[in-house]
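Here are the chains, one letter per residue:
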Amino acid sequence: VFWFFFQNFVPSFGKETVRTTAVTPQFEQNMDYVDFIHLNILEKKVLNNSEVSVQYLCSKPCIVNLEAVASSEFRTGVPVYRRRWKDEKNLYISRTRQVHLKFPSIMVYRDDYIIRNSIIVHSVILYAWISHKSVSSYDVEQNEDYQNAVAKNYTFLEAVPPFERPFKDHKVCLQWGADYLWMLQANRIPQCPHESDGVQILNFIYASSGEKTGIVKKFEQFENRELETVRQHQIDYPMFTVSIWLYLLHHCEKDLCGILYFIDPKEMYSTPAVFLNEEGYVHIQMHLMRGGDLAVKTSFSLPLKQWFRLDLSFKGGQVEVSSVGKNLKRHHHQSFTFREDFYYDDTAGYFVVGGSGYVNGIEAFFGPVKYYRLNVLETEQISNPLHDKETVEQIELYYERCMDIQEIVYEYRYIVRQGEKVQRNCYCESYYLELIHKYGEKSKCDAFMWGKELREKYHTLFKLLQEMDFSAPDVLEDGSDTVLEVGQRIFEKVAKSLSSADGLSNMGSSVPFLVDSSCCGYHKASYFLAVIFETGLGVSVDRTKGLLYSLVGAQGNERLAVMNLGYKHYQGINNYPVDLELSYAYYSNIATKTSLDQHTIKGEQAFVETIRLMDDELLKAQTKENGDVFMWLKHEASRGNAAAQQRLAQMLFWGQQGVAKNPEAAIEWYAKGAIETEDPVLIYDYAIVLFKGQGVKKNTKLALELMKKAAAKGLPQAVNGLGWYYHNFKKDYRKAAEHWLIAEELGNPDASYNLGVLYLDGIYPGVPGRNQTVAARYFYKAAQGGHIEGTLRCSLYYITGNMEDFPRDPEKAVIWAKHIAEKNGYLGHVIRKALNAYLELSWHEALLHYVLAAETGIEVSQSNLAHICEERPDLARKYLATDCVWRYYNFSVSQVNAPSFAYLKMGDFYYYGYQNQSKDLELSIRMYAQAALEGDSQGFFNLALVMEEGNSIPSYILDHLEIDQALHSSNTSLLQELYCRCWNNSNQESISPCSLALLYFYMRVFWNNILQSTLIYFMGTFLLSILVAFAVQYFQSLSARNSPGTRSEPSSDEPSSSGNSNEDATRLVQPDESTFSNDLAQQDSNLQNPLVMS
């Protein structure tokens, strides 16, 4: 029966079967009902050896049948018990027979060493019937016999859950090892996790900017065996529902834009694939079982600038599409029916929400996205509420306001331009009129055509418009460009005001202007507003508005706003939910742009440099075009110094070390160095700009000559450059591969990446077809060398999990994409402005720009901002609503590349308590240990001091420090190990706090060893004898002085000898302690660790 149960367990999916329909007997009027059969069971449960009483009466020789049929979620109508007997003599006599039911062990016993997989039975039906048959009727099928029975009955038995069943006594003796292993887990009741087919793909608002990046989600197989079996049976008969909330800003500008689609392991679209076309219709594509694809288009278009829910359901060949409003009322509905079989395996690949490398995403805000993997639901049955209603409403109000502002700006500009044309037509052109036009008062519109209510509502905007000059020739005729130009001018005016000496005091009055600038589409203003409201910079904290402007800025492709959202979802800051896939969508967007931005000469960009405000040497090296360092380099470069020419050109080309980006000037130095000094790096750099025409006219012939010249000098990047030339200009892939193989052996990461591209495109010489596995290995090698595109490729592999060598790891994907995004030149420009302001002691500007940079999640700006707040606590308290020092040092230590001094700072805060923050000894020790792991001697020193004060270090921290607790079981041994490591990680050539502490430790150990020896008894006895002798002599002399006839003169100053010795000892120790503290402070003057000074 056990074997039969599993071999014939075929799911019915709720379809009507012969066995299930037979449960309800049909009444037949023409039969003579003399015979009867009844079932009596005391305990109606599925138990082994359950006793059932069968009462029956036969009018003719009969066969009494008893059969139990079990059903589960997978299968129905599986017979698990049968019993028959004949009764030919006792006719017309009521008989009763006791029957003991026996069921398969997997139905009535718990799992044990032999019964490995007991089953969950939903129902068991016990049938009983009488047949007027001969003995040969034993061979008749049960169903036929039951249908023709003269009397029949049935009852239900209740199934017992698996973990309420008893264990079975198998009457066997297990080996000792097997028995022991089983006893270890015999009493464990595994807790099955709640598993549903409903998956919340997105639970927070996502700002989709229409780029080729989006949210990547991957479904795993169900852990529940029943659900997984259902899923596998639906591969050729898909049954699923998807529900998507959208706030659509524009229809697709290209052929198709991605909403939600599935990509299989072959990087092809599969079922389902939902897109938006240029007209706003929904394009739905399915993959067929026989191969090929099938697509349909809805007859209704999706609405713009209003929240709605798009629901799609698939049931075999039937597709239902609905559009639902915020009130959950259906706006549109359409169904499609096909006779094709669709292929649907939601685990063989990954889903994408928005854009990807294959298609642009839609320009929209995504709300919650819910996916039901196994069920087809009606609109009313879908549970996918729009949670954050306040933010949803704020987005609607924002775009309503912005439509008014953009219309006002466009119309105002049109009126002014028309007025100028009329004025020019009325007067003859003359030199005098040209001067008036050039230097006189600009044209403006005083006679407003707008109503009073509108003018009062947008009074700041009208005031700004009157101050602007719309006659400038650089303002284009296109209205959208005009609106953006106005937004930029408003922002520049506000930014200049905020960067002044007391600029942050004007923050409250600047916010309305920034809102107008944001509405004009200039989203640097949007990011300013997001940071202002989230940090309380000069205004009250407003998280909702902060989120609103972060989303608006990110949707408008403002790089810093996108990074801000990526960072918040990576760390879960300010109540943003931790969502690694969502974080990756934002970071990958900017990471992709970083490579493109580096090759763009225009734009406010600067090289992202790690310059810490507590590093005096690096600060001294910062310069400007009129600075001493720059002038000295320029002087040396003009004299033919190749190193000076190379450094000068790099500073000008990339905008490094405080110098403004000036590619034209950089190219002049590249050319001068390439011709005069024969330096291979300068020759290579000049060849590259000639090849690409960056800031200079293209000259492929000269560029090739220079590239060959640099390669002949053995420069790896030049050898790679020759391969790039043969690949792009000559299409000679064999020569390209030869040069790249040589360059790769020389350690050039660009060559590794280029070889990967050859394999990925299937054009590697001698290798037929594409080989993604080999390509991925080359990309990984390039990424290890710091190659931007290689790192991006690897981050994509980690987020999709589609490559064999790259198991899915969303966190690693985010870290790699974040690393590249933080190299973006626009972020570098903000950091450079902050640093320059700090060097010029422009505190308001420095604070403003460091806050802007720190909120993107870049660590160096976070620790620098915390340092400024420590230097100027009055400024931080006045203009920042958040605790600046605590917030940004805390952010800093949460980073992968956190500096050791940040760990030490947080360790001190946790050890002593910081303002409103409570003490936490364990966290303090963890911070010190992390600093020690970074190789900072101060970390070991502070851990030792914590032990000196009577605290113990948890064992797991010692394991992280790789300190063997067996070898260092005593506190003395552990202290010695910590002080030794402190000394090993410090400068051993000079006297350091670690060396002094180690020396002092050894002296204490030596003294303690002396005190514990037998010599102490002799010395103690000797000193005690001397003390007693002196005491006796003193009292004798005192009594002699006080004897009659002698006057005692009290001494004015009579310190005891012991008192003098103690005081002298104290004075000797104090200089040593002072020197010890001063030396430790000199190790890092900016650190001022309170543990050290105690």
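Preceding this paragraph is the structure being described.
Source: prediction; values computed, not measured.

Draft legend 1. Fine view of the pattern of salt bridges. What the rule picks out here adds up to 28 salt bridges. Between Lys593 and Glu211 there is a salt bridge whose closest N-O contact spans 3.4 Å. Here the residue Lys593 occupies a position in helix H16 (residues 580-598), and Glu211 occupies one in the loop between strand E9 (206-209) and strand E10 (214-217), the gap between them amounting to 382 residues. Taking the relative accessible area as the measure of exposure, Glu211 reaches 27% and is therefore partly exposed. Note that Lys818 and Glu822 form a salt bridge whose closest N and O atoms lie 2.6 Å from each other. For the pair shown, Lys818 and Glu822 are each scored as buried. Members of the salt-bridge network, linked through shared partners, are Glu228, Arg231, Asp345, Asp346 and Arg373.

Draft legend 2. How the structure looks around the packing of aromatic side chains. Across all of its chains, the model carries 55 aromatic pairs by this definition. Relative to Tyr914, the ring of Trp886 lies with its centre 6.1 Å away and its plane at 15 degrees, an arrangement referred to as stacked. With Trp886 in helix H33 (residues 884-893) and Tyr914 in the loop between helix H34 (900-912) and helix H35 (921-933), this residue pair connects regions lying 28 residues apart in the sequence. Residue classification places Tyr914 among the buried positions, given a relative accessible area of 14%. A network of ring pairs unites the aromatic residues Phe219, Phe240, Phe262, Phe314, Tyr344, Phe351 and Tyr371 as a single cluster.

Draft legend 3. Main features of the environment of Phe533. Of note, Phe533 is situated in helix H13 (residues 524-535). Considering only alpha carbons, one finds Phe533 and Ala881, 348 residues apart in sequence, at a separation of 9.7 Å. When sequence neighbours within four positions are dropped, the list of residues in contact with Phe533 reads Val511, Val539, Ser540, Val541, Asp542, Lys545, Gly546 and Tyr549.

Draft legend 4. Representation of the sheet that holds strand E4 (residues 78-87). As summarised here, the arrangement of the 4 strands in space is E4-E3-E6-E7, forming an open sheet in which the pairing is antiparallel. Pairing within the sheet leaves two strands with one partner each, and these edge strands are E4 and strand E7 (151-157). Geometrically, the sheet is characterised by an average inter-axis angle of 15 degrees between neighbouring strands, direction not taken into account. Judged from the 7 bridges that link them, strand E6 (residues 123-131) and E7 form a sheet pairing that is antiparallel. The partner of Trp129 across the bridge, within E7, is Lys152.

Draft legend 5. The arrangement of the state of the cysteines in detail. Counting across every chain of the model gives 5 disulfides. Residue Cys252 pairs covalently with Cys257 via a disulfide, S to S 2.0 Å. Torsion about the S-S bond of the Cys252 and Cys257 cystine: about 75 degrees, corresponding to right-handed handedness. At a sulfur-sulfur separation of 1.8 Å, the disulfide partner of Cys869 is Cys884. Residues Cys869 and Cys884 are joined through a disulfide that is right-handed, its torsion about the S-S bond being 70 degrees. Pair noted here: Cys869 is in helix H31 (residues 859-871) and Cys884 is in helix H33, with a separation of 15 residues, a long-range link. Taking relative accessible area as the criterion, Cys869 reaches 3% and is therefore assigned buried. Looking at Cys884, the relative accessible area reads 3%, which means it is buried. Numbered by position along the chain, the disulfide-linked cysteines of the protein connect as 1-2, 3-4, 5-6, 7-8, 9-10.

Draft legend 6. Representation of a nonpolar patch on the surface within the structure. Nonpolar side chains collect at one region of the surface, where Trp176, Tyr180, Leu181 and Leu184 lie side by side and expose about 510 Å² of accessible area between them. Tracing the chain through its elements places Leu184 in helix H5 (residues 176-185).

Draft legend 7. Representation of the packing of helix H27 (residues 788-800) against helix H28 (residues 810-821). Across the interface, H27 lies against H28 with an axial gap of 8 Å and an inter-helix angle of 160 degrees. Classified by the angle between their axes, H27 and H28 sit roughly antiparallel to one another. As H27 runs across H28, the sense of the crossing is left-handed. Across the interface between the two elements, Ile788, Thr791, Cys794, Ser795, Tyr798 and Ile799 from H27 touch Pro810, Lys812, Ala813, Trp816, Ala817 and Ile820 from H28. In terms of residue class, the contact of H27 with H28 is built from 9 nonpolar, 2 polar and 1 charged.

Draft legend 8. Molecular detail of empty space enclosed by the protein. Enumeration over the complete set of coordinates arrives at 3 cavities of 30 Å³ or more. The volume enclosed by the largest cavity comes to roughly 90 Å³. Lining the largest cavity are Phe607, Val608, Glu609, Ile611, Gly828, Ile831, Arg832, Leu835, Tyr850, Val860 and Asn864. Looking at the lining of the largest cavity, the elements that each hand over two or more residues are helix H29 (825-839) and H31. Looking at the lining of the largest cavity, its residues break down into 7 nonpolar, 2 polar and 2 charged.

Draft legend 9. The arrangement of H16 in detail. Given a rise of 1.5 Å per residue, 19 residues ought to cover 27 Å, and the 27 Å separating the end C-alpha atoms of H16 matches this to within 8%. Counting buried positions over the 19 residues of H16 gives 15, a clear majority of the element. The N-cap residue of H16 is Asp579: its side-chain oxygen and the backbone nitrogen of Glu581 are 3.3 Å apart.

Draft legend 10. The packing of helix H25 (residues 749-761) against helix H26 (residues 772-784), seen in detail. Interhelical geometry of H25 versus H26 gives an angle of 165 degrees and a closest axis separation of 8 Å. If you check the angle between H25 and H26, you find them roughly antiparallel. For the crossing formed where H25 meets H26, the hand is left-handed. Across from Pro749, Ser752, Tyr753, Leu755, Gly756, Val757, Tyr759 and Leu760 in H25, the residues of H26 making contact are Gln772, Val774, Ala775, Tyr778, Phe779, Lys781 and Ala782. For the contact of H25 with H26, a count of residues per class yields 11 nonpolar, 3 polar and 1 charged.

About the criteria used
Residues numbered from 1 in each chain as written. Predicted model: local features only at pLDDT ≥ 70, side-chain atom pairs only at ≥ 80, totals over all residues. Heavy atoms only, no water. Salt bridge = Lys/Arg side-chain N within 4 Å of Asp/Glu carboxyl O. Helix = DSSP H or I, 4+ residues; strand = E, 2+ residues; numbered from the N terminus. Buried < 20%, exposed > 50% of the residue type's maximum accessible area, 1.4 Å probe, protein only. Phe/Tyr/Trp six-rings, centres within 6.5 Å; stacked < 30°, edge-to-face > 60°. Contact = heavy atoms within 4.5 Å. Pairing = 2+ DSSP bridges. Axes fitted to C-alpha atoms, helices over the stretch in contact; angles between N-to-C directions. Disulfide = S-S within 2.5 Å. Patch = residues over 30% accessible without salt bridge, like charges linked within 9 Å, V, L, I, M, F, W, Y side chains within 5 Å. Areas by Shrake-Rupley, 256 points an atom, 1.4 Å probe, with all protein chains shown as cover. Parallel < 35°, antiparallel > 145°, perpendicular 65-115°, else oblique. Left-handed = near helix turned anticlockwise from the far one by under 90°. Nonpolar A, V, L, I, M, F, W, Y, C, P; charged D, E, K, R; others polar. 1 Å grid on protein atoms, 1.4 Å probe; cavity = no way out; pocket = protein on both sides within 12 Å on 5 of 7 lines; lining within 4 Å. Points joined across faces, edges and corners; volume = space filled by probe spheres on them. Expected span 1.5 Å × (residues − 1). Polar contact = N/O pair within 3.5 Å; in protein donor to acceptor, adjacent residues only side chain to side chain.

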